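# Descriptive structure summary
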Amino acid sequence: MSKNYILMSDSDSDLHFEIAKEKNIPIVRMPYNLDDVEYFDDNGASGAEKVLFDRMRAGAKPFTSLLPTAVYLDYFEPILKEKDLLFLAFSSQISATYLNILEAQKELLEKYPERRFIVVDTLSISAPQSLLILGAHALYEQGADIDTVAQWVMDNRLKAQAWFTVGDLAYLRRGGRISATSAIMGTMLDIKPILTISRAGKLEAQAKVQGRKKAMKMLVDKTVENIGESKGKSVIIMHGDAQEEAEMLKTQLKNRLSDLGEIRIQMIGPVIGAHAGPGTLNISFIGNERTA
């Protein structure tokens with residue numbers, strides 16, 4: 001069935017390129033800089049994630065930057081010439097990039113007043129955003145109109161949860177998430193933070209445990225506590241080049257929630273990875289509403 005609008009998102013969702021291609025979801029590729037060279041995240045197509053984490057372990061300090069309004073115009077305008085557009089953006093509370101999206105939206109609606117162009121702030125990033133995209137796409141494929149799909153995302157965005165820990169506190173310190181003193185003391189004491197995405201769409205520390213095994217157990221505990229009815233639900237485990245530990249998390253989840261549906265394991269993309277660092281582990285799902 002021909003649809004009169006396009007569902008679109010960005011690569012900060014970590015939606016794997018094969019899934020985006022299979023479902024025909026256009027993706028805005030976000031920039032990052034590694035060793036003074038700018039790249040654009042291709043969501044796993046080139047294996048750039050592994051390269052990034054190897055370089056970070058060797059001392060590289062990648063960074064990310066805002067995608068300017070002009071680039072968004074280049075992505076959006078060809079679509080709006082033909083159809084309406086529903087864009088699912090990563091959290092406005094994590095980057096000022098969202099303001100550039102709104103600027104592009106305003107400019108294009110003035111140019112194409114006959115079009116509908118809806119931007120939804122998912123209040124998520126990485127795997128929780130992917131899960132919202134996939135839920136929205138299922139409705140899209142069923143023929144739901146643009147307002148119905150946008151409203152579904154609005155109604156469910158606070159149910160998209162992520163619980164994660166990092167391998168090295170130095171990367172959180174670089175990103176301003178913790179102080180230098182806290183990073184040094186935490187490293188000495190083997191303290192591992194447990195972080196989540198808050199109701200406001202911000203990354204927040206929720207707990208601290210001592211040791212990697214305890215951190216992994218708490219990720220599973222938080223999933224069990226917050227997923228609600230688990231039967232048939234999909235879960236995504238993201239990792240910063242820590243495949244073996246991700247597999248361990250999958251086994252632990254299966255042992256605790258035997259009726260889960262697909263548990264997909266995927267490496268974190270380079271834009272998110274530049275801030276989180278190698279060794280990051282994350283469990284994401286759509287469950288109860290966030291309480292933080």
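So, here's what we can say about the structure.

Looking now at the side chain of Asp42. Relative to the elements of secondary structure, Asp42 occurs in the loop between β4 (37–40) and α2 (48–57). The buried charged residue Asp42 lacks any salt bridge partner; its closest oppositely charged side chain belongs to Arg29, at an N-O distance of 4.5 Å. Polar contacts involving the side chain of Asp42 include one to the side chain of Ser46, which spans 2.7 Å. Each residue touching Asp42, except ones within four places of it in the same chain, is listed here: Phe17 and Arg29.

This part covers the packing of helix α5 (residues 127–141) against helix α6 (residues 146–156). Interhelical geometry of α5 versus α6 gives an angle of 150° and a closest axis separation of 9 Å. Classed by the angle they form, the pair α5 and α6 counts as roughly antiparallel. As α5 packs across α6, the resulting crossing turns out to be right-handed. When α5 is examined against α6, the residues Leu132, Gly135, Ala136, Leu139 and Tyr140 are found in contact with a partner set consisting of Val149, Trp152, Val153 and Asn156. When grouped by side-chain class, the residues that make up the contact of α5 with α6 number seven nonpolar, two polar and no charged.

On to the sheet that holds strand β2 (residues 27–28), then. Strand pairing in a sheet relies on backbone hydrogen bonds, with the paired strands running either antiparallel or parallel. Strand order in the open sheet formed by four strands is β2-β1-β6-β7, and the pairing between neighbours is parallel. On the outer flanks of this sheet lie β2 and β7 (117–121), each paired with one strand and no other. Of the strands in this sheet, β1 (5–10), β2, β6 (84–89) and β7 are in contact with helix α3 (residues 69–80), which crosses β6 at around 145°.

Another aspect to go through is the pairing of strand β9 (residues 191–197). It is a general feature of regular strands that their side chains alternate between the two faces of the sheet. With six of seven residues buried, β9 lies mostly within the body of the structure. Judged from the two bridges that link them, strand β8 (residues 160–165) and β9 form a sheet pairing that is antiparallel. Along β9, the bridge assignment pairs Phe164 with Leu195. Where β9 and strand β10 (residues 203–210) come together, seven bridges link them in antiparallel fashion. For Thr196, the partnering residue across the bridge sits in β10 and is Glu204. Linking two consecutive strands that pair antiparallel, namely β9 and β10, is a turn of five residues; a positive phi of about 90° is found at Gly201 within it.

Reading the values: rules and limits
- Residue numbers here run from 1 along each chain, matching the order of that chain's written sequence.
- The predicted origin of the model limits local features to residues at a pLDDT of at least 70 and limits the giving and counting of side-chain atom pairs to 80 or more, whereas totals for whole chains, interfaces and linings rest on all residues.
- With hydrogens and water excluded, all non-hydrogen atoms of the structure serve as input to the side-chain values.
- For helices the rule is a DSSP run of H or I covering at least 4 residues; for strands it is a run of E covering at least 2, with both sets numbered from the N terminus onward.
- Only protein chains enter the accessibility calculation, which uses a 1.4 Å probe; a residue is then buried when its area is under 20% of its type maximum, exposed when over 50%, and partly exposed in between.
- Counted as positive: Lys and Arg. Counted as negative: Asp and Glu. His and the chain ends are not counted at all.
- For salt bridges, the criterion is a side-chain nitrogen of Lys or Arg within 4 Å of an Asp or Glu carboxyl oxygen.
- For this analysis, a polar contact is any N or O atom pair within 3.5 Å, provided that within protein one partner can donate a hydrogen and the other can accept it, and provided that sequence-adjacent residues contribute only side-chain to side-chain pairs.
- Any two residues having at least one pair of non-hydrogen atoms within 4.5 Å are treated as being in contact.
- Lines fitted to the C-alpha atoms define the axes, with helices restricted to the stretch that makes contact. Angles between their N-to-C directions range from 0 to 180 degrees.
- Under this scheme an angle from 65 to 115 degrees is roughly perpendicular, one under 35 degrees roughly parallel, and one over 145 degrees roughly antiparallel; angles in between are oblique.
- Crossings are sorted by hand: turned counterclockwise from the far helix by less than a right angle, the near helix makes the crossing left-handed, and turned clockwise it makes it right-handed.
- Polarity classes work like this: nonpolar for Ala, Val, Leu, Ile, Met, Phe, Trp, Tyr, Cys and Pro, charged for Asp, Glu, Lys and Arg, and polar for all others, with Gly in that last group.
- A strand pair is defined by DSSP finding two or more bridges across the two strands.

Honestly, that's just the spatial picture; any functional story needs more than this.
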